[in-house]
Every structure is written in structure tokens, then in C-alpha cells.
Amino acid sequence: MNRALRYAGLLGVQVRASAVTSMQYRIDFVVEGAISLYWLAWNLVPLLILYGQRDTVAGWDFPSALVVIAWFTVLRGVLDGAINPSLVGVVEKIRTGEFDYLLLKPADAQFLVSTVKFEPWKVLDIVGGLGLAVAAFVMLGRAPPLADVGLALVLLLAGALVLYSLWILIISASFWVIRLDNLVYLFMAVFDAARWPIAVFRGFWRVLFTLVIPLALMTSFPAMAILGTLEGKTALAGVGGALVFAAVARALWRAAIRNYTSASS
Amino acid sequence: MARPPTAASAAPIALSPWRAALRATPTLLRVGVAETVAYRVEFVIWMLTTTLPLIMLGLWTSVAAEAPFARFGQREFIAYYVAALIVRNLTGSWVVWQLNEEIRRGQLSFRLLRPVHPFVTYAATHVSSVPLRSLVAIPFALILLVTSARDIIITDPVMLLILIAALLGAWLLTFFVLIMIGSAALFMDKSVAVFDAYLGVFAVLSGYLVPLALLPGWARAIAGWAPFRYMLAFPVELAIGFYDSRAAALRDLALQWAWVAVVIGLALAVWRAGIRRYEAFGS
């Protein structure tokens, strides 16, 4: 209990530090806002082209597909605002040996590494994504029941957890193999596929995006949950899978830290 | 008694800029190839990040499996996106990041000290990555050849020559547009944000995201005038036989090279203006 309180306090300090830094660049708020809007619009282009000629694709109509894009935008905001900024610098620190100083601090290294930096302005992406979701439900002409919204949020958390764990896995691997930071760019490129409902992919792609890189869990399952079409079994499997994934990442991180011998030795 | 060195042997041999560039090129290319081979794993991962055409391929083939989309069946989509992947791979450039990094760290100063124009040294790095890039592109080309797309690829020798010229034009156009955006870092901090915004426009108007034929009429009109389609859609459409006459292909080739000339001029102008500032800033 004490420990949890201490870490909550630490998290508060780190978030405050990031917030103070961002406040210095207030003009960024406008710039970031413009950039989010711009991408929001561009992201819709292929969707509009596709549904300009079809009413449904693989059983998904336009508003439902819009919910998936909304979820994708929200998750992208979480990723760019809370996960990527901290972790992007870690690989470089391991390479230069700066990582040693972090290990000397009296708190869990994974926690410290993961909370170094936040980008509060990315909240705008999340707001934009929620706006899309609202627009989709206006088109559908109904409001989602609260229980479904709750389930969707739980699944969104599970998706974020998987994303975070993938990052930790990549970092852990970079203790052994030095230059792996561009694996992250590879992953971000693949993550782009998450804007489409998983049902539109077939065969090889479906298996890849469901089991190997669980994009389905990140956007399609939460979207199906809020639309009320997700089976309970699938939801449970998704959350369970995310937890297992996180546990594996944590175990590998610990093994990697034990093996760490600093950059110069 | 040793004679004092004559002026002729002591002074460095002054070469015209063009001859200096020409003389340095083989060495620059050798260094570039060695660098690419040295960082091969990194290089391959970078190349794999070009996944967008493959994702779109997966998407559109399953859409087209329900029923053909406009005039695109599964076969056309496969041919289009595999060709797009190859063209993107051969013409890809990372010079924006390179410029940004070197400007930020001041490494650009070393490059400026060399007797060869920086455009030439940057271009050499990029050109020398093409052989390794082709190694990745060739398997995809083979897939294109042996799958059902075989009968839509062009075989007319004149069209093949036009295709080669178009690929060269696409490479030059991409490279110099990116040089232009990268040089903007000499004026502003956020040039990478500009590049991001550019990538968005590029993806839609170059036919990278969806074939231009699928865009709504007004967007297609914009795409027809903008330079972006000459970076990707033009060589792709040539390769998979969307052009039915040599005259039309030649006309677009002329337009493409006109854009190349314009963009090289613009890139030089931005670069010169920026370098004047850079020198003032660094001293």
C-alpha cells in the first residue's frame, strides 16, 4: 500500500514536470491542434473513397468503420502522448551508457523509464477521436449502453497495455542487440493497419493482425464492444491475452536488467 | 641544393566544380555502398517500414473479392500495389532527416568544407543504396511477374525505355523535393512537422494510398496538376500498362521532367538562402 502511494506520488511529480515543460511552449498547443485536425481529415480519405461506392465492406457499414477509426485515433493519442515520448530515448541511453544513472535511482527502473516524459498536447488527438465516435453514433441514430462503453474502455486499456509491452520487449531486446530503435518505426508502420476493421482483412493478414501483432485487440474489439457486437468470450480472451503479454514483457525486462553490464564493459 | 617548390606544384590543383564532382563521384559511391552494407540490418528494417502498399493491398484485394471496385479487380490491385512498393523502394529518400540532424549538430559545416557541392554528396549516399534496395525489390517484381498480373505488365521496348526515364525522373523529383523541405531546417525548428504534413499530401495525391483513378473527380483534377503523381503514380501506371498510347506516355514524361527542372531550381534557391543564414548563425 505504502509502495503504491509512493509510486503514485512519483508519477504525479513526473507528469507535473512534463506539464510545466509543455506550458513553456504554449504556441505548440495551436500547432499540435492544427496537426491533429489535419491528420484526422486525411485519415478519413481512404474510408470515404471505399464507402463512396459500397454500403458495407465485409459486413461493416460506414458508421461502424468510423468507430474503428475513432478508436484508432484515441489510441494513437495515448501512444504519442504517454508511451512513445518516454521510451523513444531509452535505446539511445542504453547505447551511450547514460542508462546507468537511471539504475542508481531508488525506484523501479521500468517505472522510471516509462514516465520520463509526457506530451499533454496529444490530448487533442484523443478529443478528436472521441468526436469521431460521437459523430458515428449520431449517424447510427442511437446511444451506446453504458455497460458497452465501459467494456470498450477496458479493452482500450488492454490495447494500450499491449502497445506498451511491445515497447518494453523491444527495449529489453536492445540490451543484447544494440541498434534496434528502428524496429519501433517498423511497428508504427504496421500499427497503421489498425485503422481498418479486422474483418476486412483475410487469410494471412487476418492471422497476422489478430495473433502475431494483436491489432484487432487494439481497435476492432473495442469498437465492436461499444457497438454491442463483441462476444463475451472474445473480450475475455483479449483482456487475458493483454495481461499475459504484459507479464512476459515484465519478465524479459527483469532478465535483461540482470544481464546489463553497462555500455563500456 | 633543393630547389624551392614551384608555384605550380605547391598550389592545390583548382578544378571546376563540375569536374571536381565528377572526379569524386566513384569514391563517394564506393563509400556509400560500404556504409549501406555495414548497417545492413538497420537498412533492411528501414525498408520493411514501407508496409503501407502491402496493407492497402490486403485491404483492397478483399474488397475486390466481393465485387470489382470501379475498374479495379483483384488482379489490378495486386499489380498496382506491388508496382507502387517497388517504385517507392527504388525512389525512397531519407535526406530530410539527414539534413535535419546535420544542421542541428553542426555537422553540415564539415560537408560544406568539401570541394564538392553537398547536393552531390547527399545524392551519392542515396544512389549507392539503390543496389541493395533492388535486392529487396526484385523478389516483389518476380511475384508480380509470376502471379496473374503477368499479362498487364508492359513489354513494348519503347514503353520500357520511357519507364526507365520516368523512374529516373521520379527519383530526382523525390530527392529534390525532400532536399527543399530539409533545407527549411536552416530557417525553422519544425521542419520535420512540415515533412509530416507533406507526407500526408503526398500519400493521397501521388497514388500511394489509393490509385488516383479511384479519387473523386475534383481530387483527381488536383492530382493531375500537382507534381506528386510524377513521383509515384506515373511510373507505376506505366509499368502496369495503364497508358494505351506512346504519345500520352511521352507527354507525361515531358511534364515530369519539367517538374524536375522546376524543383531543382527551387531546391537550389532555398538552399542558397538558407546557407547564407547558416554561415551567419554559426560564426
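**With respect to the overall build of chain B**
Then step 1. Across its full length, chain B carries 14 helices and 0 strands.
Then step 2. Starting at the N terminus and ending at the C terminus, chain B contains elements arranged as α-α-α-α-α-α-α-α-α-α-α-α-α-α.
Then step 3. Along the three orthogonal principal directions, the C-alpha set of chain B runs to about 90 × 40 × 40 Å.
Then step 4. Residue burial in chain B is summarised as follows: out of 283 residues, 48% are buried.
Then step 5. Sequence-distant contacts, at least 24 apart, represent 76% of the contacts inside chain B between residues at least 6 apart.
Then step 6. Approximately 14300 Å² of chain B is accessible, and the part contributed by carbon and sulfur atoms is 70%.
Then step 7. Taking the average location of the 22 positive side-chain charges in chain B and that of its 14 negative ones, the two points are 10 Å from each other.

**A short note on the pattern of salt bridges**
Opposite charge on two side chains allows them to pair when their charged atoms are near.
Then step 1. In this structure the tally under the stated criterion is 8 salt bridges over all chains.
Then step 2. Across the pair Asp192 of chain A and Arg76 of chain A runs a salt bridge, and its minimum N-O distance is 3.9 Å. Taken together, the positions of Asp192 of chain A in the loop between α9 (181–191) and α10 (203–212) and Arg76 of chain A in helix α3 (residues 62–87) put the pair 116 residues apart, joining distant regions of the chain.
Then step 3. When its relative accessible area of 19% is taken as the criterion, Asp192 of chain A is described as buried.
Then step 4. Asp252 of chain B serves as the salt-bridge partner of Arg229 of chain B, at 3.3 Å between the closest nitrogen and oxygen. Of this pair, Arg229 of chain B sits in the loop between α12 (217–225) and α13 (233–239) while Asp252 of chain B sits in helix α14 (residues 246–282), and the two are 23 residues apart along the sequence. One exposure class covers both Arg229 of chain B and Asp252 of chain B, and it is buried.

**What to know about helix α12 (residues 232–259) of chain A**
Then step 1. Taking 1.5 Å per residue, 28 residues should reach 40 Å; α12 of chain A reaches 41 Å between its end C-alpha atoms and fits that length.
Then step 2. Residues of α12 of chain A that are buried sit in contact with α5 (99–104), α6 (109–114), α8 (146–176) and α11 (215–227) of chain A.

**Some remarks on the interface of chain A and chain B**
Then step 1. Contact residues are listed per partner, giving 28 residues for chain A and 33 residues for chain B.
Then step 2. Carbon and sulfur atoms supply 71% of the area that chain A and chain B bury against each other, a total of about 2700 Å² over both sides.
Then step 3. When residues of chain A are sorted by the area they lose upon contact with chain B, Ile49, Arg54 and Asn182 of chain A head the list and together hold 22% of the total.
Then step 4. Connecting chain A to chain B are 0 salt bridges.
Then step 5. There are 3 residue pairs in polar contact (both at pLDDT 80 or more) connecting chain A and chain B.

**A few points about the packing of aromatic side chains**
Then step 1. For the coordinates displayed, the defined rule picks out 23 aromatic pairs over all chains.
Then step 2. Ring centres of Tyr80 of chain B and Tyr81 of chain B lie 5.5 Å apart, and the angle between their planes is 85 degrees; this geometry places the pair in the edge-to-face category.
Then step 3. Linked through ring pairs, Trp60, Phe72, Phe77, Tyr80, Tyr81 and Phe242 of chain B together constitute an aromatic cluster.
Then step 4. In this structure, Arg6 of chain A is placed above the aromatic ring of Tyr7 of chain A, and the distance from its NZ or CZ to the ring centre is 5.5 Å.

**Concerning the side chain of Ser134 of chain B**
Residue and element names in this part refer to chain B.
Then step 1. In this fold, Ser134 is placed in helix α9 (residues 130–146).
Then step 2. For Ser134, a relative accessible area of 18% translates into the label buried.
Then step 3. Residues contacting Ser134, with those up to four places away along its chain left out, are Leu90 and Pro139.

**A look at the nonpolar core**
Then step 1. Core analysis: the largest hydrophobic core is formed by 162 residues, its most contacted members being Phe191 of chain A together with Trp60 of chain B.
Then step 2. Those residues in contact with Trp60 of chain B that sit more than four places away from it in its chain are Ile49 and Leu50 of chain A together with Phe69, Phe77, Tyr81, Leu209, Val210 and Leu214 of chain B.

**Thoughts on the packing of α3 of chain A against helix α7 (residues 123–140) of chain A**
Residue and element names in this part refer to chain A.
Then step 1. As a packed pair, α3 and α7 sit with axes 7 Å apart at the nearest point and diverge in direction by 165 degrees. Considering their axes alone, α3 and α7 lie roughly antiparallel with respect to each other. Crossing geometry of α3 relative to α7 is assigned as left-handed. Where α3 abuts α7, its residues Phe62, Pro63, Leu66, Val67, Ile69, Ala70, Trp71, Thr73, Val74, Gly77 and Val78 lie against Asp125, Ile126, Gly129, Leu130, Leu132, Ala133, Ala136, Phe137, Met139 and Leu140.
Then step 2. Here the residues of the contact of α3 with α7 are counted per class, giving 17 nonpolar, 3 polar and 1 charged.

Conventions and cut-offs
- Residues numbered from 1 in each chain as written.
- Chains lettered and ligands numbered in written order.
- Predicted model: local features only at pLDDT ≥ 70, side-chain atom pairs only at ≥ 80, totals over all residues.
- Heavy atoms only, no water.
- Helix = DSSP H or I, 4+ residues; strand = E, 2+ residues; numbered from the N terminus.
- Buried < 20%, exposed > 50% of the residue type's maximum accessible area, 1.4 Å probe, protein only.
- Contact = heavy atoms within 4.5 Å.
- Areas by Shrake-Rupley, 256 points an atom, 1.4 Å probe, with all protein chains shown as cover.
- Lys, Arg positive; Asp, Glu negative; His and termini not counted.
- Charge placed at Lys NZ, Arg CZ, Asp CG, Glu CD.
- Salt bridge = Lys/Arg side-chain N within 4 Å of Asp/Glu carboxyl O.
- Expected span 1.5 Å × (residues − 1).
- Buried area = accessible area lost by both parts, 1.4 Å probe.
- Polar contact = N/O pair within 3.5 Å; in protein donor to acceptor, adjacent residues only side chain to side chain.
- Phe/Tyr/Trp six-rings, centres within 6.5 Å; stacked < 30°, edge-to-face > 60°.
- Lys NZ or Arg CZ within 6 Å of the ring centre and 35° of its normal.
- Core = buried A, V, L, I, M, F, W, Y, C linked by side-chain atoms within 4.5 Å.
- Axes fitted to C-alpha atoms, helices over the stretch in contact; angles between N-to-C directions.
- Parallel < 35°, antiparallel > 145°, perpendicular 65-115°, else oblique.
- Left-handed = near helix turned anticlockwise from the far one by under 90°.
- Nonpolar A, V, L, I, M, F, W, Y, C, P; charged D, E, K, R; others polar.

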